[in-house]
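Okay, here's what each chain looks like letter by letter:
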Amino acid sequence: MARKPADKPKANIPELTKDQELAAFRDMLLIRRFEEKAGQMYGMGLIGGFCHLYIGQEAVVTGVTMASHKGKDAQITGYRDHGHMLVMGLDPKGVMAELTGRQGGLSKGKGGSMHMFSNEHRFYGGNGIVGAQVSLGTGLAFASKYRGDNTVSISYFGDGASNQGQVYESFNMAKLWNLPAVYIIENNRYGMGTAVTRASGQPNLSLRGVSFGIEGEQVDGMDVRMVHDAAKRAIEHARSGKGPYILEMLTYRYRGHSMSDPAKYRSKDEVSTMRAEHDPIEQVKARILDKRYGDEDWFKAVEAEIRAIVTEAADFATADTEPAPAELYTDVYVDGLGA
Amino acid sequence: MPITILMPALSPTMEEGKLAKWLVKPGDAVKPGDVLAEIETDKATMEVESVDTGTVGEIFVSEGTEAVKVNTPIATLLAEGEDASASPKAAPAPVAAPATTAPAPTAAAAPAQPGFTPQNDPDLPAGVEMVEITVRQALNEAMAEEMRRDGDVFVMGEEVAEYQGAYKITQGLLQEFGERRVIDTPITEHGFAGLGVGAAFAGLRPIIEFMTWNFAMQAIDQIINSAAKQLYMSGGQVTAPIVFRGPNGAASRVGAQHSQDYSSWYSSVPGLVVIAPYSAADAKGLLKAAIRSNNPVVFLENEILYGTTGLVPKVDDFVLPIGKARIAREGKDVTIVSFSMGMRYATQAAEKLVAAGVDVELIDLRTLRPMDSATVIASVKKTGRLVTVEEGWPQSGIGAELVARVVAEAFDYLDAPPVRVTGKDVPMPYAANLEKLALPSTDDVIAAVNAVTYRS
């Protein structure tokens, strides 16, 4: 595409290093292309059930993960989880094969889009019940403090989940015990089809910790630089023993809530304006070109690399076998308690 | 080869839709994410985005066409260097149909569920000293011993620390283990149950005390959706070694909201272990086993039994097997099966019945899931008669489950229809006389035994 001049540097914009910009672009592009492929495969009937795509929100998990100790700090999210897994380094083949319900999926095909985990990468899901991950993530933070291992727990949840009662029960305990918990509210403006302003008495969700004494900030969640900067601050706060921190990421999903979204609750203009003016990937691309961190050949090479990864994942997920019937009865119990 | 673009499905149940609008025409260059077309069903509209880079070749289905079947080719996309002549003239068959469509559900019948073989209770050393303690002490000792043994075990709940436990089950634990491991929570069952499960995911071994199981209904989502299903949903990767415990069922005169028996609720959930002990020895040995288990355990105690005493062997490490029923009394005339508080009625009834010449076999299930139905079925094959006793409601209760299993596996051995003794099918009343009527009694058990043995 034609080179787009970068915006004039604004005051107080925390810049990323060259390596960070290039890595952010690559990570976000992987999510974008992976999700586009997942959407296509869903349309072909290869992926069943629910499928919630992360397209548009890529900067959030990319910037936060970049600010964390990847693989050591715990992360947990809700059902819009594909992007989190890709950025945390889980195998794209395993993720896609889980979406298609195959043996080689991360959960052997028994979890599905909303239920994937990795102890190795310290990713705890992939949780299908809105808000549940906030209490679970607070428990991960409790374990960090109990062990004194200097890790933090990062819990992602949406604007919809931010109205659930257990979120506040968790905020209270996190502050009461000063747990190393970072709460990332991915405010993509709609809880399914209900706008934040139609669901929340106080639509500034960064204030949701005020009555518990938890600091919060609103962040431009479409700008990976702002996400990274705020996340560094929040994670450092938590890691240094000062307790929990809330970041409200103002973001936007381009696709419907799930694949079967009628999309009648928002205008096409709203979506196209966000895509044209705030796209997280195009923003990074413009900066990379402007600062000559990479040229068109570099972008072509990254596109080709990502395309190969996504194609390999899709091919694997299509060709892999379904779980053996005997898998029906495995993994219900451990310790030989049978099924 | 040109790439064939297929009619997508908006949901797994969609079979056809309307191709409402084309946003591209042949010759247009497209890249991933560009919207190619809009499709509609009666429920929703969706934009078809390109996944590939290329030039639109031919459009097979014109806009406005209704009832386009899912996976019908609707257009082609030409890669760099290809021209439209490479495009098939007619609508081609869906490319590599077997590889790009979902597999048909496997027609094979589900495999048989693997059986579970419980272990027997450990043999005790000859001449072992038996110490009489309360169920309360037994539970307290179990937690203290396991906390001494494993630094990852901690106990959390309302009033478990400074107050020493609402029912004194955690008495002295704060003094011995400190506030890091004995933690008073705010009154937030949903939140601290979820917090406990998260800590278990991270490898700790929480004991979550509910002041009563009635309050755990606030937390049941975390117990079932997060703890019980985690191992399965993660394909065996993530365990939840957690114990949820507290008093279950009716206490005395506390009314409907504080007097419910959740035995059958939790026992229906795969992934949960459910234990409901009666005796002090079982309370101790099974709570220790529960804390060591890598499965999530629902441990159902009973407030009225806390103060009752029983003999517990004085050994260093008294651990009982999960999933094994205990034959409390051997007999040949009738099988009575119960657990927890129901065992009190059953035991008192058995004493009277034996005195009256009925040779009762009395089985204490101890663990409700996995359920040791083999012991029950073997007993019924011997006696030919079954009475179940529980405080819970009759519909879908533990007795209903036992009767179903016995009828399925020992029908020919039955000499009488089984009888369930249960709580009455009403919320628990407050008035003393009504509460007494709502709960099962020793007389109810005797009447049931008389019915199945045709004595009257």
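Residues numbered from 1 in each chain as written. Chains lettered and ligands numbered in written order. Predicted model: local features only at pLDDT ≥ 70, side-chain atom pairs only at ≥ 80, totals over all residues. Heavy atoms only, no water.

### A few points about the overall build of chain B
Part 1 of the reasoning: Along its length, chain B carries 12 helices and 22 strands.
Part 2 of the reasoning: For chain B, whose C-alpha radius of gyration is 31 Å, the value lies well above the compact-globule estimate of 23 Å for 456 residues.
Part 3 of the reasoning: Here the C-alpha coordinates of chain B stretch approximately 95 × 60 × 50 Å along the principal axes.
Part 4 of the reasoning: Pairs at least 24 residues apart make up 76% of the contacts formed inside chain B by residues separated by at least 6 positions.
Part 5 of the reasoning: When the accessible area of chain B is evaluated, it comes to approximately 18700 Å², of which 53% is carbon and sulfur surface. (Helix = DSSP H or I, 4+ residues; strand = E, 2+ residues; numbered from the N terminus. Rg over C-alpha atoms; globule rule 2.2 N^0.38 Å. Contact = heavy atoms within 4.5 Å. Areas by Shrake-Rupley, 256 points an atom, 1.4 Å probe, with all protein chains shown as cover.)

### Section: the sheet that holds strand E1 (residues 3–6) of chain B
Residues and elements named next belong to chain B.
Part 1 of the reasoning: If you walk across this open sheet you meet the 4 strands as E1-E8-E6-E3, and the pairing is antiparallel. With one partner strand each, in any of the chains shown, E1 and strand E3 (29–30) form the two edges of the open sheet.
Part 2 of the reasoning: With 3 bridges connecting them, strand E6 (residues 54–59) and strand E8 (residues 73–78) associate as antiparallel partners. Looking at the pairing, Thr 55 lines up with Leu 78 of E8. (Pairing = 2+ DSSP bridges.)

### Thoughts on the packing of helix H2 (residues 135–149) of chain B against helix H7 (residues 280–292) of chain B
All names here are of chain B.
Part 1 of the reasoning: Closest axis-to-axis distance for the H2/H7 pair is 8 Å, and the angle between their directions is 30°. In terms of orientation, H2 lies roughly parallel with respect to H7. Helix-helix and strand crossings are classified by hand; for H2 and H7 the assignment is right-handed. Across from Val 135, Ala 138, Leu 139, Glu 141, Ala 142, Met 143, Glu 145, Glu 146 and Arg 149 in H2, the residues of H7 making contact are Ala 280, Ala 283, Lys 284, Leu 287, Lys 288, Ile 291 and Arg 292.
Part 2 of the reasoning: In terms of residue class, the contact of H2 with H7 is made up of 9 nonpolar, no polar and 7 charged. (Axes fitted to C-alpha atoms, helices over the stretch in contact; angles between N-to-C directions. Parallel < 35°, antiparallel > 145°, perpendicular 65-115°, else oblique. Left-handed = near helix turned anticlockwise from the far one by under 90°. Nonpolar A, V, L, I, M, F, W, Y, C, P; charged D, E, K, R; others polar.)

### Brief notes about a nonpolar patch on the surface
Part 1 of the reasoning: On the surface, Leu 124, Met 130 and Leu 311 of chain B cluster together to form a nonpolar patch covering roughly 260 Å² of accessible area.
Part 2 of the reasoning: Turning to its location among the elements, Leu 311 of chain B is positioned in strand E16 (residues 309–313). (Patch = residues over 30% accessible without salt bridge, like charges linked within 9 Å, V, L, I, M, F, W, Y side chains within 5 Å. Salt bridge = Lys/Arg side-chain N within 4 Å of Asp/Glu carboxyl O.)

### Observations concerning the confidence of the model for chain B
All names here are of chain B.
Part 1 of the reasoning: Mean pLDDT over chain B stands at 92; residues scoring 70 or higher make up 94%.
Part 2 of the reasoning: Here residues 89–100 is a poorly scored stretch, pLDDT under 50, and it has 17 contacts once near neighbours within four places are set aside; other chains count.
Part 3 of the reasoning: If you check the scores for this complex, the pTM reads 0.91 and the ipTM reads 0.94. (pLDDT = per-residue confidence, 0-100.)

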